[in-house]
Amino acid sequence: MMEKVVIVTGANSGIGLALCERLLSEDSQLRLCLACRNMERAEAARAALLTAHGGARVDLLPLDVGSVQSVLGAAEEVKARYSRVDFLYLNAGIMPNPTVDVGAFFRGLFSRNVVNMFATAEGLLTQQDQLNSDGLQEVFATNLFGHFLLIRELEPLLCQPGHTSRLVWTSSSNARRSAFSIEDIQHRRGKEPYSSSKYAADMLSLALNRHKNEQGLFSSVICPGLVMTNLTYGILPSFFWTLIMPIMWLIRIFTNTFTLTPYNGAEALHWLFLQKPETLDPRAKYHSLTSGLGTNYTEPRRMDLDDEMTEVFFSKLLELERAVRRNLREKRADGEHYQQYLNEIQ
């Protein structure tokens, strides 16, 4: 039996790091690869994992999923190191400059809708987005497109005869269809790029199953529930959290989506590691849940997806991939060509 190769993006903190810890506790023979943007923090994460799991094999891979060049370089490195990839956890994500409607937040805090408000941040949370150096919207590029490109590049290692490989996306309950527009897949014109990018990941997972299952590649989507990580803490000033944490622990007794700790949030990611892919529902999002008494479990909930739109989205991504690769090849440095390219990828 060959060792399993598992790559986790965004593995140096939060849910990604908690997942790595849980995977090594499950299977000490793993070849685990932490794919991270910040190598200093990745080194620290690796050291922490090796302290707890002495003989473990933990590799580091520099990867900024928000940069096309970085993704292509990392993919080359992976192909040089491993002959196949068993699990690719697509967990890295950003939520830049989140803004909360504080009035709506406090109204919600004392309403019946409080659990839903925390769970989905509906009507509560907007982000500022910007173009990155590839001319792509930063949130779309990091949360979705960079991961898509990584999968495309690693297909030879993911789609091998007689072997199954798995993709697992960390989505969100903030992934709402209403935030996504098929006319504006990068969410250039909206105010909810995070929600849009997470809904896009749900669609992409379904499309990948349709196109790749017969080549042995299976994709699943999870929702970690409400977890306190750097991403969450950045949403509100710290004194707010101090005020409302007791309320949240109280609410947790009555609801199961408040997983709160990264360990609990990684429940569905860990659970999927133990399942046979053929038994999973490609239309389900697997939710990490924690009961009022603190028991962790995973529950599938059907995603709100339209098959036709999913297919259109998949072909738009392939088109965008072709444009991005062409731009890299031709290195359209002079302004006019680059502008042409930007218009092309709108």
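Residues numbered from 1 in each chain as written. Predicted model: local features only at pLDDT ≥ 70, side-chain atom pairs only at ≥ 80, totals over all residues. Heavy atoms only, no water.

K.L.:
Pulling in residues and values, what's your account of the side chain of His-147?
P.N.:
Residue position: His-147 is located in helix α6 (residues 138–153). Judged by its relative accessible area of 0%, His-147 falls in the buried class. In this structure the side chain of His-147 is engaged in a polar contact, spanning 3.0 Å, whose partner is the side chain of Thr-9. Excluding its chain neighbours within four sequence positions, the residues that come into contact with His-147 are Thr-9, Val-65, Leu-90, Asn-91, Ala-92, Thr-142 and Trp-169. (Helix = DSSP H or I, 4+ residues; strand = E, 2+ residues; numbered from the N terminus. Buried < 20%, exposed > 50% of the residue type's maximum accessible area, 1.4 Å probe, protein only. Polar contact = N/O pair within 3.5 Å; in protein donor to acceptor, adjacent residues only side chain to side chain. Contact = heavy atoms within 4.5 Å.)

K.L.:
Tell me about the nonpolar core, residues and numbers included.
P.N.:
Core analysis: the largest hydrophobic core is formed by 61 residues, its most contacted members being Leu-88, Phe-145 and Phe-313. The greatest single-element share of this core, amounting to 9 residues, is contributed by helix α13 (residues 307–330). Core analysis: the next-biggest nonpolar cluster, separate from the first, contains 32 residues, Leu-19, Ala-56, Ala-266 and Leu-280 among them. (Core = buried A, V, L, I, M, F, W, Y, C linked by side-chain atoms within 4.5 Å.)

K.L.:
Just give me the short version of the pairing of strand β10 (residues 296–302), but keep the residues and values in it.
P.N.:
Looking at chain direction, strand β9 (residues 284–290) and β10 are connected through 7 bridges and run antiparallel. Residue His-287 lies in a different strand from β10, and its bridge partner there is Glu-299. Taking the residues between adjacent antiparallel strands as the criterion, β9 and β10 are bridged by 5 residues, where Gly-294 takes a positive phi near 95 degrees. (Pairing = 2+ DSSP bridges.)

K.L.:
Hey, could you go over the pattern of salt bridges for me, with residue numbers and the actual values?
P.N.:
Within the structure shown, the criterion is met by 21 salt bridges. For the salt bridge of Arg-57 with Glu-3, the shortest nitrogen-to-oxygen distance reads 2.7 Å. Here Glu-3 lies in the segment before β1 (5–9) and Arg-57 lies in strand β3 (residues 57–62), a separation of 54 residues in the sequence. Residue Arg-302 is joined to Asp-281 by a salt bridge in which the shortest nitrogen-to-oxygen separation is 3.6 Å. With a gap of 21 residues between them, Arg-302 in strand β10 and Asp-281 in the loop between α12 (267–273) and β9 connect regions that are remote in the sequence. Using a relative accessible area of 30% as the deciding quantity, one classes Asp-281 as partly exposed. If you follow the salt bridges from partner to partner, you end up with Glu-76, Lys-79, Arg-152, Glu-153, Glu-155, Lys-212, Glu-321 and Arg-325 in one network. (Salt bridge = Lys/Arg side-chain N within 4 Å of Asp/Glu carboxyl O.)

K.L.:
Mind laying out the packing of α6 against helix α8 (residues 193–212), listing which residues take part and the relevant values?
P.N.:
Between α6 and α8, whose axes approach to 7 Å, the crossing angle comes to 20 degrees. Classed by the angle they form, the pair α6 and α8 counts as roughly parallel. Contact with α6, carried on its side by Val-139, Asn-143, Leu-144, Phe-148 and Ile-151, involves Pro-193, Tyr-194, Ser-197, Lys-198, Ala-200, Ala-201, Leu-204 and Leu-208 of α8 and no other residues of that element. Here the contact of α6 with α8 is built from residues that sort into 10 nonpolar, 2 polar and 1 charged. (Axes fitted to C-alpha atoms, helices over the stretch in contact; angles between N-to-C directions. Parallel < 35°, antiparallel > 145°, perpendicular 65-115°, else oblique. Nonpolar A, V, L, I, M, F, W, Y, C, P; charged D, E, K, R; others polar.)

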